[in-house]
Amino acid sequence: MSAGIDKKGKSRFLIFLGIGILVGIILILLIVLSGKNKHNTYIDNGLISGEQLVELQNENLRKQIISYGDPVLIDTLNVTYLIPVIPRTLTNAEASTEIQREEYPVEESSGYSSSIRKGYDKSYVDYTNILIYSPLQNEIEKLFRQRALIIGYKTWFIEKDILILFDVIRNDDNKDNRIDRKDFRSLYIYSLQTKEMRMVEEKNTTVLNYDFLPFSSDLWVRIGIDRNEDGKYDPSSEPAEIRRYNFKEKTLEKIVPESMHAEMQRLVEGR
């Protein structure tokens, strides 16, 4: 009988041990996932726009200030850093210092040849400007001379040059008094060698994705089309198209010919 009790005791012990191990594993997974989600949570730090911005300006107030992220080494040979400038929203508006406003045109650069991908910023915080810092020359410059929200960046090596590609939002397209990720994106490309910027966009569209074509300086660009021109792109009911960005000519060209597009549309309609 004592042997039977011992067997039952051992069985209970093993059951409790198994339950304890299972609970421990679950707790560890929850802690890991919680930390990961906390780190990857997107911070909505869009720019105030529209009536709210006008009201703040009229009262000489501000509700957003700039902060700086960690410098990122993007050119090891010439020791060049990229420093993100991040907007921070205050709980309450405060008196604003008077800053002279500047208006500059978008600059363009010349063509390049074949490319190799170097890096991608997966930050969950958007920027309002980018600084290029060269400590050996003790030089620093800002890349954007207009109000904009920058959604991360990619860096590419092209021959002796490094290109920095940005998703940029400049306008409050959906008129919700904020410039944020709900608005249309353009693609900006900056040459570290020539210090020139170019912009890739089409009217009433938003850039969804892009990549360099192999053995070429051209890119494929996928754009969402605001078909009803309401300032919003709805992927469930509005189309997306693929373009080829010709680096040399600085033009967006359709990859799918109109005739092929029309033929496939007729097939969908059953004609």
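Residues numbered from 1 in each chain as written. Predicted model: local features only at pLDDT ≥ 70, side-chain atom pairs only at ≥ 80, totals over all residues. Heavy atoms only, no water.

Right, let's get into the pairing of strand β7 (residues 139-142). Bridge count between strand β6 (residues 129-134) and β7: 4 bridges; the pairing is antiparallel. Bridge pairing in β7 places isoleucine 132 opposite glutamate 141. Hairpin remark: β6 followed by β7, antiparallel, with 4 residues in the connecting loop; positive phi at asparagine 138, about 55°. (Pairing = 2+ DSSP bridges. Helix = DSSP H or I, 4+ residues; strand = E, 2+ residues; numbered from the N terminus.)

On to the sheet that holds strand β14 (residues 219-225). Within the open sheet, the 4 strands sit side by side as β13-β14-β15-β16. Their pairing is antiparallel. Every other strand in the sheet has two partners, leaving β13 (205-212) and β16 (251-254) as the edge strands with one partner each. The average angle at which neighbouring strand axes cross in this sheet is 35°, direction not considered. Inspection of the sheet shows β13 paired to β14 by 7 bridges, in the antiparallel sense. Each bridged residue has a counterpart across the sheet, and for tyrosine 210 the counterpart in β14 is valine 221. (Axes fitted to C-alpha atoms, helices over the stretch in contact; angles between N-to-C directions.)

A word on the confidence of the model for the chain. Within the chain, residue pLDDT values average 82, and 81% of them lie at 70 or more. Of the regions scoring below 50 in pLDDT, residues 99-118 engages in 63 contacts with residues more than four places distant in sequence or in other chains. (pLDDT = per-residue confidence, 0-100. Contact = heavy atoms within 4.5 Å.)

Let us now look at the pairing of strand β11 (residues 186-191). Successive side chains on a regular strand alternate, one facing one side of the sheet and the next facing the other. The element β11 is extensively covered by neighbouring structure, given that 6 of its 6 residues are classed as buried. Of the two faces of β11, the one holding Ser186, Tyr188 and Tyr190 and the one holding Leu187, Ile189 and Ser191 are both buried throughout. Alignment of strand β9 (residues 161-169) against β11, held across 6 bridges, turns out to be antiparallel. Looking at the pairing, leucine 163 lines up with serine 191 of β11. In this structure, β11 lies alongside strand β12 (residues 197-200), joined through 4 bridges in antiparallel fashion. Bridge pairing links isoleucine 189 to arginine 198 in β12. Following β11, the chain reverses through 5 residues before pairing antiparallel with β12; lysine 195 in that reversal takes a positive phi of roughly 60°. (Buried < 20%, exposed > 50% of the residue type's maximum accessible area, 1.4 Å probe, protein only.)

With that out of the way, let us pick up the packing of aromatic side chains. Tallying each qualifying case throughout the model produces 5 aromatic pairs. Consider the rings of tyrosine 245 and phenylalanine 247, whose centres lie 5.7 Å apart with planes at 70°: the pair is edge-to-face. We note that tyrosine 245, like phenylalanine 247, is buried. Cluster of aromatic residues (ring-pair linked, three or more members): Trp156, Phe212, Tyr245 and Phe247. Lysine 154 extends its terminal NZ or CZ atom over the ring of tyrosine 210, reaching a point 4.5 Å from the ring centre. (Phe/Tyr/Trp six-rings, centres within 6.5 Å; stacked < 30°, edge-to-face > 60°. Lys NZ or Arg CZ within 6 Å of the ring centre and 35° of its normal.)

On to the nonpolar core. Membership of the largest hydrophobic core comes to 20 residues, with the highest contact counts inside it found for Ile130, Ile132, Leu143, Phe144, Ile164, Phe166 and Tyr190. Elements with a minimum of two residues in this core: β4 (80-95), β6, β8 (149-158), β9 and β11. Counting residues per element, this core draws most heavily on β9, at 4 residues. Residues in contact with tyrosine 190, not counting those within four places in the same chain, are Ile132, Glu141, Leu143, Ile162, Leu163, Ile164, Phe166, Lys195, Glu196 and Met197. Counting residues in hydrophobic clusters, the runner-up holds 15 residues, among them Ile158, Val200, Val221 and Phe247. (Core = buried A, V, L, I, M, F, W, Y, C linked by side-chain atoms within 4.5 Å.)

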